[in-house]
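So the chains spell out like this:
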Amino acid sequence: MLRLDISRVKKAVTEEELNSLIPDLRRAHETLINKEGPGSEYTGWLELPEKTDKDELSRLKAAADKIRRGSSVLVVIGIGGSYLGARAAIEFIKGGFYNSGATSPEIYFLGNGLSTDYYNEIIRIIGDRDFSVNVISKSGGTTEPAVAFRLFKSLIEEKYGKEDARTRIFATTDARRGALKTLADAEGYECFVIPDDIGGRYSVLTPVGLLPMLAAGIDADRVLGGARTMMTRLVCEKSLKSAAWRYAGIRNALYNTGKNIELLTYFEPRFRFAAEWWKQLFGESEGKENKGIFPASAEFTADLHSLGQYIQQGERTLFETIVNFRAEKEDVIIPHMRDDFDGLNYLSGKSISYINDKAYAGTALAHEDGGVPNLTIELSGANEECFGALVYFFEFSCALSGYMLGVNPFNQPGVEEYKRNMFALLDKPGFGELAGKLRERLDGNK
């Protein structure tokens, strides 16, 4: 299901160096599973694959069936961890063109930005069709999703009337408190719980991700089964046999030699939003106290024609993690051309996946030769089990790596800074003094 190939990092991280990290890895592992480290109150995701509430899962399936029967479009409103995991799952499993071939419903994501054009495009796409809304927010007060929900609450009530509209709005939020929970209780929306002990970027396998997945026709039991298989392996393996130990150990070893940028690359476009989720997971978990590896991503082979030169010969601060898997359900064969007008008859009869595999192998070797150590996460396919396993592998590895780095992998204090400035510039009550200072700075920059 998931295998880690570290053969192309051995020149940069020797077996002896990796073995020297075993005590640190063991401490990080015990700290994590014993819930003794900073942020341990947010480690509910550790046991989640085997402790998912069966009644809640049944309600999620029923809600998804209701959405699928009665709506041509589902609008999912959320930001960061409240949308990236669901979008990653849908594109990974169903493909990037899911909406163009969806039986029902098409799924669009809002609340993850503030672009007028994007809003108008979604409204135009919905048109006169029936739609439902899944609003995802722990508090209900985060600006981007709150703005989106305010608008779509108005649109859905205008279309269906207040009584019918409430049956088309599904809230995924806190169990007891917050603006969204208060509104949902007052209006009678069906609610699903974001567990108190799971932070947003670790919430893919909670109702945050499961309801949109189910609405898209994804088998949530298989997703959770893949995560459960990976959980069993990683929690019990306390040695370098563990893929999570090797990944976390290699990342930290490379970081200690000045490799402070990790480039996650992939050769299947359907992996794009899985990479976006990965960037949030590692960026928010490790980037604090002036520490941390910067997470970036690139889609190959396309980005080899834009970033390839820098990767090959730019500053040697990069290392690379390649996600490689076979995604095709039916392969495509290169035809023979009698006149060989493009000189490609040497590829006649070969498949696109065969060529893609050789592009991966050639790229990995070239980057290693160019001073970019790279390791490969090999997945057996683009299915539910592989997605669940990959999510759990990255979550577990990220927590280990954060504890090895000496930071709290489960908080994100720096995220609030931009919000304070935005609130002040929007004249939110209570931010008047800061607003004045910020406007002086902006005026001085003109």
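Calculation notes
- Residues numbered from 1 in each chain as written.
- Predicted model: local features only at pLDDT ≥ 70, side-chain atom pairs only at ≥ 80, totals over all residues.
- Heavy atoms only, no water.
- Pairing = 2+ DSSP bridges.
- Helix = DSSP H or I, 4+ residues; strand = E, 2+ residues; numbered from the N terminus.
- Axes fitted to C-alpha atoms, helices over the stretch in contact; angles between N-to-C directions.
- Contact = heavy atoms within 4.5 Å.
- Buried < 20%, exposed > 50% of the residue type's maximum accessible area, 1.4 Å probe, protein only.
- Right-handed = clockwise from strand over helix to strand, strands pointing away.
- Parallel < 35°, antiparallel > 145°, perpendicular 65-115°, else oblique.
- Left-handed = near helix turned anticlockwise from the far one by under 90°.
- Nonpolar A, V, L, I, M, F, W, Y, C, P; charged D, E, K, R; others polar.

Trainee: Sorry, what's going on with the sheet that holds strand E8 (residues 294-299) here?
Mentor: Two pairing modes exist for strands in a sheet, parallel and antiparallel, and in both the strands are linked by backbone hydrogen bonds. A sheet is described by the order of its strands in space; here five strands give the open sequence E1-E10-E9-E7-E8, paired in mixed fashion. Each edge of the open sheet is held by one strand with a lone partner, namely strand E1 (2-5) and E8. Looking at each pair of strands side by side, their axes are set apart by 20° on average, direction ignored. Bridge count between strand E7 (residues 261-266) and strand E9 (residues 318-325): six bridges; the pairing is parallel. Within E9, the position partnered with Glu262 by the bridge is Phe319. Where helix H16 (residues 384-405) meets the sheet, its contacts fall on E1, E7 and strand E10 (374-379), and the angle it forms with E10 comes to roughly 145°.

Trainee: When you look at the sheet that holds strand E2 (residues 73-77) in this model, what are you seeing that I'm missing?
Mentor: Strand order in the open sheet formed by five strands is E3-E2-E4-E5-E6, and the pairing between neighbours is parallel. With partners counted over all chains shown, the strands left at the sheet margins are strand E3 (106-110) and strand E6 (190-193), one partner each. Adjacent strand axes in the sheet meet at a mean angle of 20° when their direction is disregarded. Helix H4 (residues 54-70) rests against E2, strand E4 (131-136), strand E5 (169-173) and E6 of the sheet, and its axis sits at about 135° to E6.

Trainee: What am I meant to see in the pairing of E10 here?
Mentor: Strand residues, when the strand is regular, have side chains that alternate between the two faces of the sheet. In terms of burial, E10 is largely enclosed, as five of its six residues are buried. Two strands pair when backbone bridges link them, and E1 and E10 are joined in this way by four bridges, in the antiparallel orientation. Paired with Arg3 across the bridge in E10 is Glu378. Note: E9 against E10, six bridges, orientation parallel. The residue bridging Thr321 from the neighbouring strand is Leu375, located in E10. Regarding topology, helix H15 (residues 352-369) serves as the crossover connection from E9 to the parallel E10, and that connection is right-handed.

Trainee: In this structure, what is going on with the packing of helix H5 (residues 84-94) against helix H13 (residues 272-286)? I would like to understand it.
Mentor: A pair of packed helices is characterised by two quantities: the angle between their axes and the separation of those axes. Two elements in contact, H5 and H13, have axes whose closest approach is 7 Å; the angle formed by their N-to-C orientations is 150°. When the axes of H5 and H13 are compared, the pair comes out roughly antiparallel. Between H5 and H13 lies a crossing of left-handed hand. Taken together, the residues of H13 that come into contact with H5 (itself represented by Leu84, Gly85, Arg87, Ala88 and Glu91) are Phe273, Ala274, Glu276, Trp277 and Gln280. When its residues are assigned to classes, the contact of H5 with H13 shows five nonpolar, two polar and three charged.

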